[in-house]
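# Reading the structure
What follows is the residue order along each chain.
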Amino acid sequence: MKSLFKKAGILVLAGAFVLSGCSENGNGSKKQESSPVQNTNFNKTGLPIVNNTVTLRMVSPKAALAPEFSEMEIFKRLEKETNIKIKWENIPDTDYAEKKNLLLASGDLPDAFYAAGFTDYELINYGKDGTIIPLEDLIDQYAPNLKALFERRPDIKSSITAPDGHIYGLPSWEDNNLGTNPFFHVINKSWLDKLGLKVPQTLDEYTEALLAFKTQDPNDNGKQDEIPLSFMHMQWCMDIAGIFGAFGLPDNLEHRVVRDGKVIFTANQPEYKEALKYFHEKWYKQGLIDPESFTQDAAQYLAKGKTTDETLGSYIWWEIDEVVGTERSKDYVLLSPLKGPNGGQTIGRANGGGPGRGAFVITKENKNPEITMRWIDQQYEPYMAAQIHWGPLDVVFEKDESGKLVNLPVPDGISAGEFRQKVAPGSGGPGVITFEDFGKIVDMELRAQQRAKDLEQYYNPYMEKENYPSIFFEPEELDKINKIEPELIKYVNTQRAKFIVDGGVNEQWDNYVKTLEKMGLNDLMEIYQTGLDRYNENLKNK
Amino acid sequence: MYQLLKRKSRGDVWFDIINNILLTLVMLLVLFPLYFVLIASFSDPNYIYSGEVWLFPKGFTLDGYERIFSDSSIWIGYVNSILYATLGTIIGVAVTVFAAYPLARKNLVGKSVIMWFLMITMFFSGGLIPTYLLIKDLHMLNTIWALVIPGAGGVFNVIIVRTFFQSSIPDEMWEAASIDGCSNTRFFWSIVLPLSKSILAVMVLYHVVGFWNGFFDALIYLNDENKYPLQLVLRNILVQNQVNSGMMIDVESYAAKMRVTELIKYGVIIVSSLPLLILYPFLQKYFVKGVMIGSIKG
């Protein structure tokens, strides 16, 4: 009796496995349906795109509290112009990746993914198995705006073209150079004045200033509560990576820089070692670094700038205001890259920063790829692209005499960023606003303009010439990178914190470098170098 | 009082004193975080982070609550959650009890086979994608049924309830009733259920809590925001105000958003757990009894 149950159970289980296997195969092997010949309903040029309304199903992420896209003014206008109705399935952006994977894996495909956020990996893999279709022929025939863009900017075309020569996803980009150096280095000028110090030019002067902040009670409250320097270890725009440049080789979050077309891993170079030694000896030992720099999150960090008594001496962030608030921001100034003990003075250039590649993909279930392509191409017209990214005319923008889009005042009680989220798909959406478009077609926001000025004044003269562009890797290369890099970077970052806090760089350095090599550093750098060489080669051939 | 103390030995008194002090400390350890959440929801987040809030709210503000309640989707979420929790609990408890009672009876044919099949589901599940496909093929996507049906009748609950029936409803009772001409159905409704209030209360609580706190199913199966349960709405409010450091240009409102997130974080905890805090005392008296008996194998 018992063994009978056992057998039955095994059978049931086996059956279940077979069934689940089957269903996946069933979906995967479905042949791509050849698109039916378009009838008179479809207009190859001009608007509307179709005479009788056609409905397309699209999946897209959206800011969690933004309205459904169907209620957004910009899409209502598009629908009216094109006669194409979109049945939106909006997913809160934080859950999007999960649900996207579920839809793709279960074969429950919409006609297209909008603001799709496909990774290179997904583009190639789903492109290969036919889940998403190659777009270059459709672009050629039905996408005049995209074609014009590619002719103007061949670099964009080459960077969205997969290694196999196909284009699977359309680009999304705001080409504004604001992120070249995310690490804005800020110091308390009013404290400097009070203590009779000038704005530091060299690293040693800076260290003196920090020491004075710590010991001479510049906020006059009789307590030693001043934090000379606070930052967030290895975080987006809050790390001291830029200061490493004082030793001749700036660091960044990837520990990867490019000089003369050669990829350099920063974290095993002599400059890096010198920097760590300096930071430990001169800063950490003397208590100049906020010990919470290695653990705090952004909320804690931001709270430090807004304590009742001013306590922050120097910090690193995207800009001055947010940490200390607009009131106090006049006490603080930006620091140009400091001159190091050995004469180094340079600031890094952030890696990547090219166009996003996966902003729009069409799936094999789409019976109207031509119509879809014509619809999406509308959004690559520069004015439209700007509206997709920031918000529609008459809501966020108005046109000035020259026809340029300028920002309207934001309604009371809501921040600009939040307001824009509610009226437009935002920066992940399709559409490219090129460098030339800024100032000609659309105005940069005020704060972005300020940032551009600051970059120009404080950082650009010292900036590295090259960066590591955003490169479309082969799947095998990606596999290798994914295998080696996360562990390696984790190890480097832990060690970096340890060296700064506990010291011991000299004694442990050789061991550290050896461990890096054991973890596959050389292979990793080779892949990056190959990728870069290929990229440069492609550009030359264009 | 003196009399009382006198009866105890000196050692006893010390034991009591130390015991009480320790227990008070433990109680404070448990209660303080809850209290902290409450006062933090009324405080300025900058003070919370600089560690200045610990006994009383500092920088008193209602911004967080204002923010939470100004969102109409909260109310929609509340209504949905109550609906899902009620309906889901009714279905879930019914299925559980209807499954457990026959399994508790000795004269059910093939009892062990059924149990065996049920047990398998405790250890193996189809996985996310097949389950999603099933729900899709049943046309339950984007409907309330996707939330309340698939989870109804958890095997673990069935076992607890079955054990409860086995241990607290003696067979003799059924024999006596059947001699008097009682049918199975009548016996179940008129005798078994009234005698099982405590386990029913426990099941209700389990299910209500489960449905109230659940958001994953809703996240996967629902597309329509008007159907979102409260937890998903609150989660969206929270993540919407979470700052995404990937957005290079949209940093403008970074700090403002950060502040709102911190503000509403604690408020959201209060808002979402309030209904359960209210419900719990009413079911609490059944709780210990029901679970104890149910979990002891008969």
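Since we're looking at a predicted model, the values are computed, not measured.

### Considerations on the overall build of chain A
- The helix and strand inventory of chain A stands at 19 helices and 14 strands.
- In terms of principal-axis extent, the alpha carbons of chain A reach across some 80 × 80 × 55 Å.
- With 542 residues in all, chain A has 55% of them scored as buried.
- Counted over contacts in chain A with a minimum sequence separation of 6, partners at least 24 positions apart contribute 75%.
- Here chain A has roughly 23,500 Å² of accessible surface; of this, 51% comes from carbon and sulfur atoms.

### Describing the overall build of chain B
- Counting its secondary structure elements, chain B contains 15 helices and zero strands.
- Taken over 298 residues, chain B has a buried fraction of 40%.

### Remarks on the UniProt feature "transmembrane region" (unreviewed entry) in chain B
All names here are of chain B.
- UniProt feature "transmembrane region" (unreviewed entry): in the numbering of this structure it lies at residues 21–42, 82–101, 113–132, 144–165, 186–209 and 263–283.
- Here residues 82–101 runs as 100% helix and 0% strand, with 28 Å between its end C-alpha atoms.
- With 68% helix and 0% strand, residues 144–165 has its two end C-alpha atoms placed 31 Å apart.

### With respect to the packing of helix H10 (residues 270–284) of chain A against helix H18 (residues 505–518) of chain A
Residues and elements named next belong to chain A.
- Two numbers describe how H10 lies on H18: the axes approach to 11 Å, and their chain directions differ by 145°. By crossing handedness, the relation of H10 to H18 is classed as right-handed. Taking contact as the criterion, the partners of Tyr272, Lys273, Leu276 and Lys277 in H10 are, on H18, Val505, Asn506, Trp509 and Tyr512.
- Partitioned by chemical class, the residues of the contact of H10 with H18 number five nonpolar, one polar and two charged.

### Notes on a nonpolar patch on the surface
- On the surface, Trp14, Ile17, Ile18, Ile21, Leu22, Leu25, Met27, Leu28, Leu31 and Leu34 of chain B cluster together to form a nonpolar patch covering roughly 990 Å² of accessible area.
- For Leu22 of chain B, a relative accessible area of 49% translates into the label partly exposed.

### Thoughts on the sheet that holds strand E4 (residues 170–174) of chain A
All names here are of chain A.
- Spatially, E2-E1-E3-E11-E4-E14 is the arrangement adopted by the six strands of the open sheet, whose pairing is mixed. Two strands bound the open sheet, and with one partner strand each, they are strand E2 (84–92) and strand E14 (431–433). Across the sheet, the mean angle from the axis of one strand to that of its neighbour is 35°, orientation sign disregarded.
- Sheet analysis places strand E3 (residues 112–114) next to strand E11 (residues 356–362), joined by three bridges and oriented antiparallel. When the bridges of E11 are listed, Tyr114 appears paired with Phe360.
- Sitting on the sheet, helix H13 (residues 369–377) is in contact with strand E1 (54–62), E2, E3, E4 and E11, with an inclination near 140° to E11.

### Concerning the side chain of His185 of chain A
All names here are of chain A.
- Structurally, the position occupied by His185 is in strand E5 (residues 184–188).
- The exposure class of His185 is buried, given its relative accessible area of 6%.
- For His185, the contacting residues outside a window of four places in its chain are Tyr206, Ile243, Ser314, Tyr315, Ile316, Val333, Leu334, Leu335, Leu338 and Tyr459.

### Section: the environment of Pro475 of chain A
All names here are of chain A.
- With respect to the helices, strands and loops of the structure, Pro475 is situated in helix H17 (residues 475–502).
- Looking at Pro475, the relative accessible area reads 11%, which means it is buried.
- In the structure, Pro475 is positioned 350 residues away from Asn125 in sequence and 7.9 Å away in space, judged by C-alpha atoms.
- Filtering out sequence-adjacent residues up to four positions away, Pro475 remains in contact with Tyr121, Ile124 and Lys128.

### Quick look at the pairing of E1 of chain A
Residue and element names in this part refer to chain A.
- With eight of nine residues buried, E1 is to be regarded as a mostly interior element.
- One ladder, built from two bridges, connects E1 with E3; its direction is parallel. The residue of E3 that forms the bridge with Met58 is Ala112.

### Observations concerning the confidence of the model for chain B
- Confidence in the prediction for chain B averages 84 pLDDT; 89% of positions are at 70 or higher.
- Averaged pLDDT values over the elements of chain B bottom out at 60 in helix H1 (residues 2–7) of chain B and peak at 92 in helix H5 (residues 72–104) of chain B.

### Considering the sheet that holds strand E6 (residues 227–230) of chain A
All names here are of chain A.
- The strand order E6-E9-E5-E10 describes an open sheet built from four strands, whose pairing is mixed. In this open sheet, the two strands that pair with only one neighbour each are E6 and strand E10 (332–334). Averaged over all pairs of adjacent strands, the angle between strand axes in this sheet comes to 20°, irrespective of strand direction.
- As paired strands, E6 and strand E9 (residues 312–317) are joined by three bridges and run parallel to one another. Each bridged residue has a counterpart across the sheet, and for Ile227 the counterpart in E9 is Leu312.
- Each of E9 and E10 is contacted by helix H12 (residues 321–328), which is oriented at about 125° to E9, the strand it contacts most.

### So, the nonpolar core
- In this structure, Ile240, Phe279, Trp283, Tyr315, Trp317 and Tyr512 of chain A are the most contacted members of the largest nonpolar core, which totals 82 residues.
- One finds Leu78, Ile133, Ile160 and Phe360 of chain A within the second-largest nonpolar core, a separate group that totals 43 residues.

### Here's the deal with unusual backbone geometry
Residue and element names in this part refer to chain A.
- Here Leu47 and Pro48 are connected by a cis peptide whose omega angle stands at -5°.
- Looking at where Pro48 falls in the secondary structure, it is placed in the loop between helix H1 (2–28) and E1.
- The phi dihedral of Asn83 is positive, around 70°, even though this residue is not glycine.
- Mapped onto the secondary structure, Asn83 falls in the loop between helix H2 (73–82) and E2.

### Describing the environment of Thr307 of chain A
- Tracing the chain through its elements places Thr307 of chain A in the loop between helix H11 (298–304) and E9.
- When near neighbours in sequence (up to four residues on either side) are disregarded, Thr307 of chain A contacts Arg328 of chain A together with Ser50 of chain B.
- A polar contact of 2.8 Å, which involves the side chain of Thr307 of chain A, links it to the backbone oxygen of Asp309 of chain A.

### What to know about the packing of H2 of chain A against helix H14 (residues 382–390) of chain A
Residues and elements named next belong to chain A.
- The geometry of H2 relative to H14 is characterised by a closest axis approach of 10 Å and an angle of 145° between their N-to-C directions. Each of Ile74, Phe75, Arg77 and Leu78 in H2 lies in contact with H14, whose residues at this interface are Met384, Gln387 and Ile388.
- The residue inventory of the contact of H2 with H14, partitioned by class, reads five nonpolar, one polar and one charged.

### Section: H2 of chain A
All names here are of chain A.
- Listing the buried residues of H2 in full gives Ile74, Phe75, Leu78 and Thr82. Each buried residue of H2 lies within a common arc of 90° when the element is viewed along its axis, so the set occupies one face.
- The positive-phi residue at the C-terminal boundary of H2 is Asn83, with phi of around 70°.

### Side note on the pattern of salt bridges
- Going through the model one piece at a time under the given rule, you end up with 28 salt bridges over all chains.
- Among the charged side chains, a salt-bridge network with shared partners connects Arg152, Arg153, Asp155, Asp175, Glu436 and Asp437 of chain A.

### With respect to the confidence of the model for chain A
Residues and elements named next belong to chain A.
- Confidence in the prediction for chain A averages 87 pLDDT; 92% of positions are at 70 or higher.
- Below pLDDT 50 for its whole length, residues 1–5 participates in three contacts with residues either more than four positions away or in separate chains.
- A low-confidence stretch, residues 11–37 stays under pLDDT 50, and its non-local contacts, those more than four residues away or across chains, total 17 contacts.

### Some details on the pairing of E4 of chain A
Residues and elements named next belong to chain A.
- Of all five residues in E4, five are buried; the element is thus mostly enclosed.
- Side chains Leu170, Ser172 and Glu174 project from E4 onto one buried face, and the interleaved Pro171 and Trp173 project onto a second face that is buried too.
- As paired elements, E4 and E11 share two bridges and run antiparallel to each other. When the sheet's bridge partners are listed, Ser172 is paired in E11 with Gly356.
- Direction of pairing for E4 relative to E14: parallel, over a ladder of three bridges. Residue pairing for E14: Trp173 is matched across the bridge by Val432.

Calculation notes
- Residues numbered from 1 in each chain as written.
- Chains lettered and ligands numbered in written order.
- Predicted model: local features only at pLDDT ≥ 70, side-chain atom pairs only at ≥ 80, totals over all residues.
- Heavy atoms only, no water.
- Helix = DSSP H or I, 4+ residues; strand = E, 2+ residues; numbered from the N terminus.
- Buried < 20%, exposed > 50% of the residue type's maximum accessible area, 1.4 Å probe, protein only.
- Contact = heavy atoms within 4.5 Å.
- Areas by Shrake-Rupley, 256 points an atom, 1.4 Å probe, with all protein chains shown as cover.
- UniProt positions renumbered as here; feature names shortened; annotations may be inferred.
- Axes fitted to C-alpha atoms, helices over the stretch in contact; angles between N-to-C directions.
- Left-handed = near helix turned anticlockwise from the far one by under 90°.
- Nonpolar A, V, L, I, M, F, W, Y, C, P; charged D, E, K, R; others polar.
- Patch = residues over 30% accessible without salt bridge, like charges linked within 9 Å, V, L, I, M, F, W, Y side chains within 5 Å.
- Salt bridge = Lys/Arg side-chain N within 4 Å of Asp/Glu carboxyl O.
- Pairing = 2+ DSSP bridges.
- pLDDT = per-residue confidence, 0-100.
- Core = buried A, V, L, I, M, F, W, Y, C linked by side-chain atoms within 4.5 Å.
- Polar contact = N/O pair within 3.5 Å; in protein donor to acceptor, adjacent residues only side chain to side chain.
- Arc of directions from axis to C-beta.

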